[in-house]
Structures are given as C-alpha cells and as structure tokens.
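Topology and contacts: notes
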Amino acid sequence: MAKLVLSMETTMLKEIPLSKERITIGRKPHNDIQIDNLAISGEHAVVITILNDSFLEDLGSTNGTFINGQSVKKHFLKNGDTIELGKYRLKYVSELPQQTSSADFEKTMILRPGAAHQAPAPASTTPAAMPAPAAPVPPATPPAHLATSPGMAPQPATAPAAAAPALPLGAIQILSGGNAGKEMELTKTLTTLGKPGVQVAVIARRPHGYFVTHVEGANFPVLNGKTLDAQAHKLNDHDVIELAGVKMEFFLKN
C-alpha cells in the first residue's frame with residue numbers, strides 16, 4: 001500500500017497509509033492530514049488513490065502546493081515525489097506497479113462550457129472500399145485417430161475456453177446547459193469533470209467497471225438524486241450525475 005511520510009525539516013513526524021480513496025490535507029481539524037500552520041490553507045489539497053495510482057489536486061490554496069520544487073495544480077504522483085507545504089514535506093512512497101501513465105493522466109478532461117464534443121460518427125464505406133470476400137476454405141480432413149467408422153457417432157470438437165467479457169466503453173451525455181445533447185467517451189483511465197474552484201469529480205475506468213469519486217468543492221456530486229459521500233461509487237448504465245450545475249447521463253456503449 002502506498003503511503004505519505006510527513007516531516008518538518010529533518011524530523012519525520014508520521015506515516016500516513018493511503019488506505020482511503022480520498023485523503024484531504026489542510027489546517028482545519030476535519031482533514032485526514034491536519035497541519036496546524038498558518039502557511040497551510042484550511043482545505044489545502046487532496047490525494048486521490050485509485051488501485052495502484054495516486055494523484056494530487058491543489059484545492060485553490062492561498063500559498064500553493066509544490067512538488068519537487070515545482071508549483072502544481074494537479075499532479076500524478078510517482079514514487080519518491082515530495083509534496084512541499086510551507087515548512088512541511090510529504091514524501092510519496094509506493095513500490096507497486098502503476099497502471100496509469102503520467103501522459104494518460106495529463107489528458108484527462110476538465111468539462112467546461114463548450115468542452116464536450118460529439119462522438120465521431122463512424123466512417124462511411126462504399127462497395128469499392130470494401131475488401132473482397134475471402135475464398136471459402138475447405139474443411140480440413142480430420143486426423144486418422146478422430147475419423148469415424150460406420151455406425152460410430154462423430155465426436156464433437158472441443159470448444160475453446162470462453163474469454164472474459166471485455167468492459168464496454170463508457171460515455172456521458174450532457175442533459176442540461178449549453179452542451180445539452182453532446183456526448184463524451186470515457187476512453188482514459190481517469191477523466192476529470194467539473195469546474196475548478198467550484199466542484200470537481202473524477203471518473204475512473206477500472207477492469208470491473210466505472211467509478212465516480214469527489215475531488216474538489218464543498219458540495220458532493222449527486223447520483224440519481226442522492227448526494228454521494230467521499231468514497232468511490234460504481235456507475236451503472238443510465239445513471240444520472242449532477243456536477244457543477246450540469247446534469248449528465250452515464251451509459252455503456254454496445
């Protein structure tokens with residue numbers, strides 16, 4: 001399990017295992033990692049952990065969040081990264097293989113007015129572009145030890161083992177606002193949706209389904225009329241999500 005090691009200058013203070021999907025960092029007591037220092041905002045940053053991957057999101061802090069000396073708003077954490085918060089340091093430690101690349105994470109989409117796009121229509125084909133049908137292949141002669149003799153019933157061929165069904169591609173369709181009717185496919189491992197500074201959530205594509213997790217904002221996303229909590233929630237076909245004043249429907253493509 002990944003962990004954060006909190007230290008100040010050369011003194012290690014404690015280790016925090018990333019046992020929850022959402023770990024908040026800030027000066028206020030309700031944070032998972034409370035740092036009582038005026039350089040730290042009340043709700044400073046959050047670390048989201050999904051499977052073996054973790055990323056940090058700055059929550060609009062006054063003094064900012066720095067990782068390895070660079071100011072960041074959102075950062076895919078790698079083993080050895082050091083989060084700098086005033087005089088305090090949080091070192092990210094994980095020896096587990098990561099499933100999301102940094103490049104894939106950087107391509108996640110922030111949904112703003114006009115940002116959603118229509119799913120591309122399939123390219124049309126003409127008879128000229130269609131490949132010629134393959135010539136029929138004659139059935140192979142069965143080996144001698146499988147040949148049937150008169151009066152003997154033929155032996156059925158052994159069926160190959162069934163492969164595990166692939167996860168259908170998920171998508172969301174905007175139901176309200178200026179982008180109503182538009183569609184966005186969830187092709188990335190992590191897709192970030194919402195309005196930074198107002199309300200942000202992430203939809204994670206896992207081997208066994210799609211999950212939505214709250215990231216930023218005082219108000220949590222609403223799923224089918226019910227307000228979510230800080231934990232990840234699995235999405236079912238035709239679930240309706242309300243996020244940052246926008247309604248959207250999650251569905252699975254066949």
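No experiment lies behind these values; they were computed from the predicted model shown.

Points about the overall build of the protein
- A count of helices and strands for the protein gives one helix and 21 strands.
- By the burial criterion, 39% of the 254 residues in the protein qualify as buried.
- Within the protein, contacts between residues separated by at least 24 positions form 44% of all contacts whose residues are at least 6 apart in sequence.
- Approximately 14,600 Å² of the protein is accessible, and the part contributed by carbon and sulfur atoms is 56%.

Quick look at the nonpolar core
- Core analysis: the largest hydrophobic core is formed by 21 residues, its most contacted members being Leu 4, Ile 35, Val 47, Leu 56, Ile 83 and Leu 90.
- At the level of secondary structure, the elements contributing two or more residues to this core comprise strand S1 (3-8), strand S3 (22-26), strand S5 (45-50), strand S10 (82-85) and strand S11 (88-93).
- With three residues, S11 is the largest single contributor of residues to this core.
- For Leu 90, the residues in contact, after removing those within four places along its chain, are Leu 4, Val 5, Leu 6, Ile 16, Ile 25, Asp 81, Thr 82, Ile 83 and Leu 85.
- With 18 residues, the next largest nonpolar core counts Ile 174, Leu 186, Leu 193 and Leu 228 among its residues.

Details of the layout of surface pockets
- There is about 300 Å³ of room inside the largest pocket.
- Listing elements by their share of the lining of the largest pocket, those giving two or more residues are S3 and strand S16 (209-216).
- Of the residues that constitute the lining of the largest pocket, the class distribution is five nonpolar, six polar and five charged.

Here we look at the side chain of His 75
- Looking at where His 75 falls in the secondary structure, it is placed in strand S9 (residues 74-76).
- A polar contact is formed between the side chain of His 75 and the side chain of Asp 81, at a distance of 2.9 Å.

Examining the sheet that holds S10
- Across the sheet, six strands lie side by side as S2-S1-S11-S10-S7-S8; this open sheet has antiparallel pairing. The two strands at the open ends of the sheet, each matched to only one other strand, are strand S2 (11-17) and strand S8 (70-72). Neighbour-to-neighbour, the strand axes of the sheet open up by a mean angle of 30 degrees, direction not taken into account.

A few points about the packing of aromatic side chains
- Per the counting criterion, the structure on display carries one aromatic pair.
- With 5.4 Å between their ring centres and 55 degrees between their planes, Tyr 210 and Phe 250 make a pair best called tilted. Separated by 40 residues along the polypeptide, Tyr 210 in strand S16 and Phe 250 in strand S21 (residues 246-252) bring together distant segments of the chain. When sorted by exposure, Tyr 210 lands in the same class as Phe 250, which is buried.
- Here Arg 206 stacks its cationic end above the ring of Phe 211, 4.3 Å away from the centre of that ring.

Comments concerning the pattern of salt bridges
- The tally for this structure, following the rule as stated, stands at six salt bridges.
- The closest approach of N and O atoms between Glu 21 and Arg 206, which form a salt bridge, is 2.9 Å. Remark: Arg 206 occurs in strand S15 (residues 199-206) and Glu 21 occurs in the loop between S2 and S3; sequence separation between them is 185 residues. A single burial state applies to Glu 21 and to Arg 206, both of which are buried.
- Between Lys 73 and Asp 58 there is a salt bridge, with its nearest N and O atoms 3.9 Å apart. Placement of Lys 73 in the loop between S8 and S9 and of Asp 58 in strand S6 (residues 53-58) is noted, with a sequence separation of 15 residues between them.
- Overall, Asp 58 belongs to the buried group, its relative accessible area being 4%.
- Through salt bridges with shared partners, one network takes in Glu 183, Glu 185 and Lys 253.

Conventions and cut-offs
- In this numbering scheme, every chain counts its residues from 1 along its sequence in written order.
- The model is predicted, so local features are restricted to residues of pLDDT at least 70 and side-chain atom pairs to those at 80 or more, both for listing and for counting; the totals for chains, interfaces and linings are taken over all residues.
- Excluding hydrogens and water, the side-chain values take into account all heavy atoms of the structure.
- We count a stretch as a helix when DSSP gives it H or I for four or more residues in a row; a strand needs E for two or more, and each element gets its number in order from the N terminus.
- Think of it in three bands: residues with accessible area under 20% of the maximum for their type are buried, residues over 50% are exposed, and the middle band is partly exposed, with areas taken using a 1.4 Å probe on protein chains only.
- The contact definition used throughout considers only heavy atoms, calling two residues in contact when any of these lie within 4.5 Å.
- Only the protein chains shown count as covering a residue, and every accessible area follows the Shrake-Rupley method with a 1.4 Å probe.
- To define a nonpolar core, start from buried Ala, Val, Leu, Ile, Met, Phe, Trp, Tyr and Cys residues and group those joined through side-chain atoms within 4.5 Å.
- Think of a 1 Å grid over just the protein atoms. A cavity is a set of points where a 1.4 Å probe fits yet cannot get out, a pocket is an open set with protein on both sides within 12 Å along at least five of seven lines, and lining residues have an atom within 4 Å of a point.
- Grid points are joined across faces, edges and corners, and a volume is the space filled by probe spheres set on the points.
- All amino acids are sorted into three groups, where Ala, Val, Leu, Ile, Met, Phe, Trp, Tyr, Cys and Pro are nonpolar, Asp, Glu, Lys and Arg are charged, and the leftover types, Gly among them, are polar.
- Polar contact is the term for a pair of N or O atoms within 3.5 Å; when the atoms are in protein, one must be able to donate a hydrogen and the other to accept it, and sequence-neighboring residues count only if both atoms are side-chain atoms.
- When DSSP finds two or more bridges between a pair of strands, those strands are recorded as paired.
- Think of each axis as a best-fit line through the C-alpha atoms, taken over the contacting stretch in the case of a helix, with angles from 0 to 180 degrees between the N-to-C directions.
- Stacked, tilted and edge-to-face are the three classes assigned to paired rings of Phe, Tyr and Trp, where Trp is represented by its six-membered ring and a pair needs centres within 6.5 Å; plane angles under 30 degrees give stacked, over 60 edge-to-face, the rest tilted.
- Two thresholds decide whether a charge sits over a ring: the Lys NZ or Arg CZ must be within 6 Å of the ring centre and within 35 degrees of the ring normal.
- In the sections that follow, a salt bridge refers to a side-chain nitrogen of Lys or Arg positioned within 4 Å of a carboxyl oxygen of Asp or Glu.

So far we have only geometry, and geometry alone does not tell us how the molecule works.
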